[in-house]
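Fold and geometry: a report
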Amino acid sequence: MKLRSARIVNFRLLKDLTLTFSTASARPLTVIRAANESGKTTAQTALLWGLYGSRSLKGQGKSFPLHPSDAILRGQSRVEVSVEIDFEMEVATKVRGASNELINKIYRLKRICVERPVRGGGFSRESERLHLYEVKSNGTTPIDETEIDSVIESAIPEALKDVYFTDGDSTMSFIEAAATQGVKRQRVRDAIEALLGLRYIESGIKRLSTIAKRFADELDSVDYRQEYERINDNIISYDEDITEYKEEVEEKRQEVDDLKKSEQKTREKLDAALQLGNKDELVQRRATFLKTSKTAEDSLDAAIKRLANLTRNPDVAFSIIGDEARAGSVLLKEMSDKKLLPKVSIPLLEELLDRRSCHCGASLDSDSSEGALRRAHIQTVIKESIESDKQSQAATELFYSIRSEDFGAVAHDKWIKEYQADNRDAVQQDSQLRAVEKQIVALNAQIDGIDDSDVKALRDLERITRNKIDAHSARINELVGLIREYEDRRRDAILEREKISTKLQKAGVSTAKVDTAQLCQKVFQGVLETLRSEELSRVSSEMNRIFLEMIGSDPVQNSLSTIRKAALTEEFDIKVYGTGDHPLDPDTDLNGASRRAITLAFILALTKNSKVEAPNVIDTPLGMTSGYVKQSIVKSLIAEGSQIILFLTHDEINNIEPIIDQKAGVVFTITNPAHYPRMLANRPTVDDARVIRCECNHRNSCLICERKSASMEYKE
Amino acid sequence: MIANPFASFDLFLPNAHKEKIDKFTKTSGRKEGALISPFPRQIDFWFSAFLFGVAKNLAPADDRDSYKFIQGTILSTDPYRIATIQLVALGRAGDPSVLTEPKKMLDMASRIVFAATPFLISVLDDPEEDKPLWALLGLYETLSAKTLSTPK
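Bear in mind the structure is a predicted one, so any value in this text is a computation, not a measurement. The residue numbers shown here count from 1 along each chain, following its written sequence. In the order they appear in the text, chains get letters beginning with A and ligands get numbers beginning with 1. A pLDDT threshold of at least 70 governs which residues receive local features in this predicted model, and a stricter bar of 80 or more applies before side-chain atom pairs are shown or counted, although totals over entire chains, interfaces and linings include all residues. Excluding hydrogens and water, the side-chain figures rest on all heavy atoms present in the structure.

Focus on the overall build of chain B
- The way it works is that DSSP assigns letters per residue, a run of H or I at least four long becomes a helix, a run of E at least two long becomes a strand, and they are numbered from the N terminus. Scanning chain B from terminus to terminus reveals six helices and two strands.
- Look at the contacts in chain B between residues 6 or more apart in sequence, and 76% of them connect residues 24 or more apart.
- Method for areas: the Shrake-Rupley scheme with a 1.4 Å probe, in which residue coverage is limited to the protein chains shown. Summed over its atoms, the accessible surface of chain B is roughly 6,500 Å², and 51% of this surface lies on carbon and sulfur atoms. Here, residues are in contact when the closest pair of their heavy atoms is within 4.5 Å.

Next up, the structure:
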């Protein structure tokens, strides 16, 4: 992968800065001349942010504002920050059938976010998004969002970003005394393992260990053969039971059918028997009729009695003997008319004698002469009456006894109406009684006609049949439930048997799997060990070569060389050895240049061994170096790297101009106008804080980038 | 109340019809009894026979073969019967002196009864009539109706 260019907008001081990089193989060096505090580190940070986002920033970027610091002052409440990187890399593409070819593809990456600055230094970042395009001759093609990360990872793996994007001071961390030995080792180890992808192998080993363990766990101590037989026996037993139950169900169902037919016949017979009449019901009806009959009988009896009493009814007699009675009564009347019938006065006369006065008012008082006279007369009359003949008396009695009686038609009328009413009543009662009696007779006949024993027997039979049907039905339900339950158990047992069968098969397979997993694990472990040892050795060897090259030491040809070897130990210590393989403390026994050299040599050795073709972007790598070592470092960087991008100060460029002349494909300068007037010679052309690019190379300057020289500052 | 001149005399019914008379005068109190035996007492039969004989103007009959069934005092329970017998006797005799001869009147009545009894029984025994009581009442009705055209 090679960087082609980068446009940085509103990334701190880099308000609108375009960086261009050399991709020419013959001139792999890009020099960006920048004084201190001119945005070198910011530029590198911007490139990292562009590639990997906020997670590449210190503290995940939460406290790392990206927007220009003067945004608030300039009244900007919303700042869009963007970094656009063009890069190229070789991609294996299947062409012409099966064969793969490496094709150089150009990509454009653009990362954007919005920051809202807040007075006091706070801010919020939002809407961070990443776009990736493939740049073709006919335009750009967006890369699917899901593939962006993999493309970037293919370009420069994120784990290696600190190796490829570094600065001279950071590289010193591998050997600096400030860190403990453990920390230094870990840094070296991390760098080696990241670059060589050893972490992936370690991760693979762990995964294989987990798999092997899982396979091993599957190898339990259960006797699956015995279990299989047991389940098989159960299945056979279930089959037998199910068959037996099903047969019984069929039998019962047949029996129920037969019983239902029998029940139907019984019911028909019962209905036929009951059509003659329900005896109980008929008996009840008869009882009702009997009551009615009794009432009618009593009423008729009363009516008849009333009729029978006519034999003692005087009106009957007087109407029947009307003519005869008339003759006699005529005679009596004649006698009465002739005064032959004594007045029925004797009682009256006798009553008068008991009175003091007559009814007419005449005195009958015996004390008076008139009264006494009258009394005497009355007594005489009484005596005369008594003395009348019995004939007259009898006639008189008879006359007066019949005087108020009616005879003939009148007497007839008197008894006939009552007789007719009683007669009608009697007839009605008699008729009703006859009707009721008729019904009773009919009921009796009906009742007698019912053979109760048949009905009872049929009812009993019906009840027994129904009970049998119910019992069989209940049994059928029970059996159906059992069949269902056993079928479920059978199904479960079959599944279990299949599982056991599978386990039996797997038992043989699992062992092989465990063995395979363990073997793979061993292989990977071996690879790791080999990589570690071999690659370590290779890196060590390479580091040594590059280091000695850088510092100009040739211990083979010059036994006086004070630094004879640099090595990377198995403990991941970077060691430098002096005369007699005496270990030298890099932090104390090496000068600054050598320290820079060893660490850069280590980085270069790593990148070379990793076979990852990626740019080395190094900020001020040549600090504390000079002369041969400085030049050697630059040459080694150019020789060992595929694309070298160096941010160099003016001082770092001193004495390597020829190298830059020969090997740099792109050189330009970035200037911070804030250095005016202290360090910059000319007033800046911008009125805000921003880094400005000019095309001045390592040998010239312009109004933008001209710096004041020391002679200018200290003019005599 | 009228005196009972017949109190000291006995009343008789013909022996020949005794059984029938007993049948028609059974007083059991049952409905069927009254229908079959419409006369509560023998005296009621005797008097109905008297009425029947008078109404039909049957010739009095002598029947020595008779039996005493009760004393004349029974007539006091229905005094109108006494008056009826006397009235009929008076009407037939045309002479009030008959009223002084209770035996004579009673004999007359008895002879009428004797004459009427077989007829009465034949009416009661009429097979066309459902029950003797209905036959008797029918007889009463018929005999009574005959007087409708004759004013008092």
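More follows now that the structure is in view.
A short note on the pattern of salt bridges
- Salt bridges, as used here, are contacts in which a Lys or Arg side-chain nitrogen is within 4 Å of a carboxyl oxygen on Asp or Glu. A full pass over the atoms with the stated rule returns 51 salt bridges over all chains.
- Residue E115 of chain A pairs with R125 of chain A through a salt bridge whose shortest N-O separation is 2.7 Å. With E115 of chain A in strand β5 (residues 100-117) and R125 of chain A in strand β6 (residues 123-136), this residue pair connects regions lying ten residues apart in the sequence.
- Looking at R125 of chain A, the relative accessible area reads 22%, which means it is partly exposed.
- For K68 of chain B, the salt bridge identified is with D10 of chain B, shortest N-O distance 3.4 Å. Here D10 of chain B lies in strand β1 (residues 10-14) and K68 of chain B lies in strand β2 (residues 66-71), a separation of 58 residues in the sequence. Per-residue accessibility, obtained with a 1.4 Å probe over protein chains only, is compared with the maximum for each type, and a residue is labelled buried under 20%, exposed over 50%, and partly exposed between these values.

Focus on the interface of chain B and chain A
- Contact residues are listed per partner, giving 52 residues for chain B and 50 residues for chain A.
- For the chain B and chain A pair, buried surface summed over both sides reaches about 4,000 Å², with 70% attributable to carbon and sulfur atoms.
- Taken together, the links from chain B to chain A amount to one salt bridge.
- A salt bridge links R312 of chain A to D78 of chain B; its shortest N-O distance comes to 3.4 Å. A simple way to read buried area is as the amount of 1.4 Å-probe accessible surface that goes missing from two parts once joined, with both sides added.

Some words on the packing of aromatic side chains
- Only the six-membered ring of Trp is used, alongside the rings of Phe and Tyr, when aromatic pairs are assigned; centres must lie within 6.5 Å, and planes under 30 degrees apart are stacked while those over 60 apart are edge-to-face, with the rest tilted. Evaluation of the coordinates by the stated rule reveals twelve aromatic pairs over all chains.
- Look at Y245 of chain A and Y486 of chain A: their rings are 5.7 Å apart centre to centre, the planes differ by 70°, and that puts the pair in the edge-to-face class. Remark: Y486 of chain A occurs in helix α15 (residues 452-551) and Y245 of chain A occurs in helix α7 (residues 224-275); sequence separation between them is 241 residues. Y486 of chain A matches Y245 of chain A in its accessibility class, with the two residues each being buried.
- Taken together, a centroid distance of 5.4 Å and an interplanar angle of 90° make the contact between F39 of chain B and F45 of chain B edge-to-face.

Let's talk about the side chain of S319 of chain A
- Position of S319 of chain A relative to the elements: it lies in helix α9 (residues 314-320).
- Among the polar contacts listed, one links the side chain of S319 of chain A to the backbone oxygen of V316 of chain A, at a separation of 2.8 Å. Pairs of N or O atoms are called polar contacts if they sit within 3.5 Å, as long as, within protein, a hydrogen donor faces a hydrogen acceptor (for residues adjacent in sequence, only side-chain-to-side-chain pairs).

Observations concerning helix α1 (residues 40-52) of chain A
Residue and element names in this part refer to chain A.
- Across its 13 residues, α1 extends 18 Å between first and last C-alpha, which sits within 8% of the 18 Å expected from 1.5 Å per residue.
- Of all 13 residues making up α1, twelve are buried, and the element is well covered by its neighbours.
- Residues K40, T42, A43, Q44, T45, A46, L47, L48, W49, G50, L51 and Y52 constitute the buried set of α1.
- One or two positions beyond α1, positive phi appears at G53, with a value near 80°. Expected span of a helix: the number of residues minus one, times 1.5 Å.

Focus on the pairing of strand β13 (residues 643-648) of chain A
Residues and elements named next belong to chain A.
- Across the six residues that make up β13, a large majority, six, are buried.
- Judged by which residues are buried, β13 turns out to be covered on both faces: Q643, I645 and F647 on one side and I644, L646 and L648 on the other are all buried.
- Two strands are counted as paired when DSSP detects at least two bridges linking them. Pairing geometry for strand β3 (residues 29-34) and β13, over five bridges, is parallel. Bridging across to β13, I32 finds its partner in F647.
- Each parallel crossover has a hand, and for strand β12 (residues 615-619) linked through helix α18 (residues 627-640) to β13 it is right-handed. Crossovers are marked right-handed if the path from the first strand over the helix to the second runs clockwise, as seen with the strands pointing away from the viewer.

Focus on the packing of helix α10 (residues 322-337) of chain A against helix α4 (residues 79-93) of chain B
- Only the stretch in contact is used when a helix axis is fitted, and all axes are lines through C-alpha atoms; the angle between N-to-C directions ranges over 0 to 180 degrees. Contact pair α10 of chain A / α4 of chain B: the axes reach a minimum separation of 7 Å and the direction vectors enclose 75°. In this view, α10 of chain A runs roughly perpendicular relative to α4 of chain B, as classed from their interaxial angle. Contacts between α10 of chain A and α4 of chain B pair E324, A325, A327, G328, S329, L331 and L332 of chain A from the former with L87, V88, L90, G91 and R92 of chain B from the latter.
- Basically, the charged four are Asp, Glu, Lys and Arg, the nonpolar ten are Ala, Val, Leu, Ile, Met, Phe, Trp, Tyr, Cys and Pro, and anything else, Gly included, counts as polar. The class makeup of the residues in the contact of α10 of chain A with α4 of chain B is seven nonpolar, three polar and two charged. Each angle gets one of four labels, with under 35 degrees taken as roughly parallel, over 145 as roughly antiparallel, 65 to 115 as roughly perpendicular, and the rest as oblique.

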